[in-house]
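Results of the structural survey
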Amino acid sequence: MLVELIEIREITRDNYSLKTIYINPDQVVYLSENNQLKQRLQEGKLNLGLNQNFTNFTNIRMNYQSYAANLVVVGDPGMVEQKINNSKRKQLLKG
């Protein structure tokens, strides 16, 4: 099952956008907190309408068959991990 997250991308220098993405939790290698973007948000350099006091960012390392990719998503690592773990639970279909 895929996990829905909000990715933050740098379009140009100091110009960011948010985008909904869906990731395969089986391809996640590690999660880490991104303090640089949090600091930029607190300094008012990210004009995305996010709360400066309560918004955190997480780096995600994805491992695909032929390459690896780094993503930055909105939310702290604990919340992202919880979303990933909840998606891995098997769900029974109503019959």
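Residues numbered from 1 in each chain as written. Predicted model: local features only at pLDDT ≥ 70, side-chain atom pairs only at ≥ 80, totals over all residues. Heavy atoms only, no water.

**Re the overall build of the protein chain**
Counting its regular elements, the protein chain contains 2 helices and 5 strands. Listed N to C, the secondary structure of the protein chain is β-β-β-α-β-β-α in terms of helices and strands. The 95 residues of the protein chain split such that 29% are buried. When contacts within the protein chain are restricted to residue pairs at least 6 apart in sequence, long-range pairs at least 24 apart make up 47% of them. Of note, the protein chain has its 12 positive side-chain charges centred 5 Å away from the centre of its 9 negative side-chain charges. (Helix = DSSP H or I, 4+ residues; strand = E, 2+ residues; numbered from the N terminus. Buried < 20%, exposed > 50% of the residue type's maximum accessible area, 1.4 Å probe, protein only. Contact = heavy atoms within 4.5 Å. Lys, Arg positive; Asp, Glu negative; His and termini not counted. Charge placed at Lys NZ, Arg CZ, Asp CG, Glu CD.)

**Let's talk about the pairing of strand β5 (residues 68-74)**
Both strand β4 (residues 57-63) and β5 contribute to a ladder of 7 bridges, which runs antiparallel. Within the sheet, the bridge partner assigned to Phe 57 lies in β5 and is Val 74. The hairpin turn running from β4 into β5, its antiparallel successor, is 4 residues long. (Pairing = 2+ DSSP bridges.)

**A closer look at the pairing of strand β2 (residues 15-23)**
Here 9 bridges tie strand β1 (residues 3-12) to β2, and the two strands are oriented antiparallel to one another. Paired with Ile 8 across the strands is Leu 18, a residue of β2. Following β1, the chain reverses through 2 residues before pairing antiparallel with β2; Asp 14 in that reversal takes a positive phi of roughly 65 degrees.

**A closer look at the packing of aromatic side chains**
With the rule as written, the count across this model stands at 1 aromatic pair. Where Tyr 64 meets Tyr 67, the ring centres are 4.9 Å apart and the plane angle is 35 degrees; that geometry is what we call tilted. Residue Tyr 64 is classed as partly exposed on the basis of its relative accessible area, which comes to 24%. (Phe/Tyr/Trp six-rings, centres within 6.5 Å; stacked < 30°, edge-to-face > 60°.)

**Observations regarding the nonpolar core**
Formed by Val 3, Leu 5, Ile 21, Ile 23, Val 28, Ile 60, Met 62, Leu 71, Val 73, Val 80 and Ile 84, the largest nonpolar core amounts to 11 residues. Looking at this core, the elements with two or more residues in it are β1, β2, β4, β5 and α2 (77-88). Contacts of Val 73, omitting those with residues within four sequence positions, involve Leu 5, Ile 6, Glu 7, Ile 8, Ile 21, Asn 56, Phe 57, Thr 58, Ile 60 and Val 80. Within the second largest apolar cluster, 7 residues are counted, among which are Tyr 16, Leu 37, Leu 41 and Phe 57. (Core = buried A, V, L, I, M, F, W, Y, C linked by side-chain atoms within 4.5 Å.)

**Observations concerning the side chain of Asn 56**
As for its placement among the helices and strands, Asn 56 is situated in the loop between α1 (35-42) and β4. There is a polar contact of 3.0 Å between the side chain of Asn 56 and the side chain of Lys 38. Aside from chain neighbours lying at most four places away, what touches Asn 56 is Glu 33, Lys 38, Val 73, Val 74, Gly 75 and Asp 76. (Polar contact = N/O pair within 3.5 Å; in protein donor to acceptor, adjacent residues only side chain to side chain.)

**As for α2**
When the terminal C-alpha atoms of α2 are compared, their 17 Å separation across 12 residues agrees well with the 16 Å that a helix rising 1.5 Å per residue should span. Looking at the buried residues of α2, the elements they touch are β1, β3 (28-33), β4 and β5. At the N-terminal boundary of α2, the capping side chain belongs to Asp 76, with an oxygen 3.0 Å from the backbone nitrogen of Gly 78. (Expected span 1.5 Å × (residues − 1).)

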